[in-house]
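Below are the chains, spelled out letter by letter.
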Amino acid sequence: MPRATGTFEVKLAPQSSDAPGLGRLSLDKHFSGDLTGTSKGEMLAIRTPVQNSAGYVAMETITGTLEGRVGTFSLMHTGVMNRGAPTLNVNVVPDSGSEELTGLSGSMLIIVEGKEHKYEFEYTLP
């Protein structure tokens, strides 16, 4: 399975939410490496009364080039922090690829080291 690697910068901006305890943020990312481009998205997050327990979901659409192929695709994030133990799944939304990325599937691993964000994206294309 092909693997794309690189870094990304992310800007989070708080948005209004009427739900108690629910945080809503806009996402604005810039990808470098084997995947180059930008993404826009939204994230919903909630913390619990138990320290280091929380959950988040996010959706984003990436516009760019993946190892020379141009198009767009969407990612769905599901993250859980269970008393400090993190679990994160980031998957391509089925049938979200366009142009030269039509038929794209795969999953992305996000690695945070200090302030640097890295990605490892395993994917398949027809």
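Above this note sits the structure.
Structure report, in brief. (Residues numbered from 1 in each chain as written. Predicted model: local features only at pLDDT ≥ 70, side-chain atom pairs only at ≥ 80, totals over all residues. Heavy atoms only, no water.)

Some thoughts on the pattern of salt bridges
For the structure shown, the criterion picks out seven salt bridges. Of the charged contacts in the structure, one is a salt bridge between Glu120 and Arg3, with a shortest N-O distance of 3.6 Å. Note that Glu120 is positioned in strand S8 (residues 116–124) and Arg3 in strand S1 (residues 3–15), a separation of 117 residues in sequence. Residue classification places Glu120 among the partly exposed residues on the basis of a relative accessible area of 25%. Lys118 is the partner of Glu116 in a salt bridge, and the nearest nitrogen-oxygen pair spans 3.9 Å. With a relative accessible area of 38%, Glu116 lands in the partly exposed category. Residues joined in a network through salt bridges with shared partners are Arg3, Glu120 and Glu122. (Salt bridge = Lys/Arg side-chain N within 4 Å of Asp/Glu carboxyl O. Helix = DSSP H or I, 4+ residues; strand = E, 2+ residues; numbered from the N terminus. Buried < 20%, exposed > 50% of the residue type's maximum accessible area, 1.4 Å probe, protein only.)

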